[in-house]
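A look at the structure
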Amino acid sequence: MTASGAVVDAGAGAGQDASGYDEETCASMGYTPVDQLVGNGITPGDIRKLQEAGITTVAGVAYTPRRQLAMIKGISEAKADKLLVEASKHTMLGFTTATMYQAQREELICITTGSKQLDTLLAGGIETGAVTEIFGEFRTGKSQICHTLAVTCQLPIEMGGGEGKCLYIDTEGTFRPVRLLAVAERYGLNGQEVLDNVAYARAYNAEHQLSLLTQAASMMASSRFSLLVVDSATALYRTDFQGRGELAERQVHLAKFLRQLQRLADEFGVAVVITNQVVSQVDGMTNQVDPKKPIGGNIIAHASTTRLSLKKGRGEQRICKIFDSPMLPESDAVFAILPEGIGDPKDEPAPASS
């Protein structure tokens, strides 16, 4: 952490290979690098094959199905069995008490959205170790929230940050670094350092979007990240898969992508934020108050830990509603899109007396 408060790279750069582990750093982050499995018939060559497939932690090996491990080039079924046996020795895969699980959850932090009202609605901010979905029409503030979080995730924990970098996957070409500079100035951070701490990638199709998560896993194993943004998670699926004939294939691919996001949240404890588009319902149910619904169906609904619905308000004001959450009550809050990022609505001046 620099004097200005922004996180600087203490290890590998964004493009560094996953083999450059700092074991002490990884241990302090709560995960074990996969190269710790070397021995008992597991060779450095096996580890390189796992890393090339995007499996960079011992937990990542333990979470991977045997069939999927055996599909990695150079990994036999027997070697897959051996890898799972060794990984299970270092990973909790059985039952634990609710007391112990609660203690683990108390270690999770929340990243501020920049709005006190929105943070209050979310019981502190965006939860780490979970997937948060933000959906709504255009101009409701989805991308603006993502831009603000890309900066606030770098703040010290005592300021509502995550003391980590941000990985930002852009599928619609809406990422604008100038917005990050405005948010950085608001928090008194060095703008250049803030931009250096955001690893950006533009995804051009659904396959490319999925492959970027393999790179993300390697980068997270080499340096500290606290946030992964995908804006938006579903846009490319609407163009790459067309018609009902490809619906099943689209949903399977989308489920695989979402599952990989959850694994990154589980392995590295990062906050995962995805945005989603909405469509008008065409089933004749016109008597509904809001006929628009998020796309992706039950696949994305079940994959998201918390779902937030955004609507337009007056002027720069926007309304966020808890659409679904395992712990947050259904409620809403008003926030604003300001030049310096997401914040609370400014008090409107009282009308002049006659």
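You'll find the structure just up there.
Note that the coordinates shown come from a computational prediction; the quantities given were computed from them, not determined experimentally.

Turning our attention to the nonpolar core. In terms of nonpolar packing, the biggest core is built from 35 residues, with Ile145, Cys166, Tyr168 and Leu227 touching the most fellow members. No other element matches the five residues that helix 8 (residues 142-152) contributes to this core. With sequence-adjacent residues up to four places away left out, leucine 227 is seen in contact with Leu149, Ala150, Cys153, Lys165, Cys166, Leu167, Val270, Ala271 and Val273.

Side chains of Glu207, Asp240, Glu246 and Glu249 sit close together on the surface and give a patch of like negative charge. Its location among the elements puts glutamate 246 in the loop between helix 12 (235-240) and helix 13 (247-268). Overall, the relative accessible area of 30% leaves glutamate 246 in the partly exposed class.

Packing of helix 11 (residues 206-222) against helix 13 leaves a shortest axis separation of 10 Å and a crossing angle of 10°. In this view, helix 11 runs roughly parallel relative to helix 13, as classed from their interaxial angle. Side by side, helix 11 and helix 13 meet where Ala206, Glu207, Gln209, Leu210, Leu213, Ala216, Ala217, Met220 and Ala221 of the first sit next to His253, Lys256, Phe257, Gln260, Leu261, Leu264 and Phe268 of the second.

What follows deals with helix 11. Compared with an ideal rise of 1.5 Å per residue, which puts 17 residues at 24 Å, helix 11 spans 25 Å between its outermost C-alpha atoms and is within 8% of the ideal. Of the residues making up helix 11, those classed as buried are Ala206, Gln209, Leu210, Leu212, Leu213, Ala216, Ala217, Ser218, Met219, Met220, Ala221 and Ser222. For helix 11, the N-terminal capping position is held by asparagine 205, with its side-chain oxygen 3.1 Å away from the main-chain nitrogen of glutamate 207.

The next point concerns the pattern of salt bridges. A complete count under the given rule lists nine salt bridges for this structure. Salt-bridge contacts for lysine 89 lead to glutamate 86; the nearest nitrogen and oxygen are separated by 3.2 Å. Classification of lysine 89 as exposed rests on a relative accessible area of 57%. Glutamate 86 gets classed as buried once you look at its relative accessible area, which sits at 11%. Salt-bridge contacts for glutamate 267 lead to arginine 263; the nearest nitrogen and oxygen are separated by 3.6 Å.

Scoring rules and cut-offs
- Residues numbered from 1 in each chain as written.
- Predicted model: local features only at pLDDT ≥ 70, side-chain atom pairs only at ≥ 80, totals over all residues.
- Heavy atoms only, no water.
- Core = buried A, V, L, I, M, F, W, Y, C linked by side-chain atoms within 4.5 Å.
- Buried < 20%, exposed > 50% of the residue type's maximum accessible area, 1.4 Å probe, protein only.
- Helix = DSSP H or I, 4+ residues; strand = E, 2+ residues; numbered from the N terminus.
- Contact = heavy atoms within 4.5 Å.
- Patch = residues over 30% accessible without salt bridge, like charges linked within 9 Å, V, L, I, M, F, W, Y side chains within 5 Å.
- Areas by Shrake-Rupley, 256 points an atom, 1.4 Å probe, with all protein chains shown as cover.
- Salt bridge = Lys/Arg side-chain N within 4 Å of Asp/Glu carboxyl O.
- Lys, Arg positive; Asp, Glu negative; His and termini not counted.
- Charge placed at Lys NZ, Arg CZ, Asp CG, Glu CD.
- Axes fitted to C-alpha atoms, helices over the stretch in contact; angles between N-to-C directions.
- Parallel < 35°, antiparallel > 145°, perpendicular 65-115°, else oblique.
- Expected span 1.5 Å × (residues − 1).
- Polar contact = N/O pair within 3.5 Å; in protein donor to acceptor, adjacent residues only side chain to side chain.

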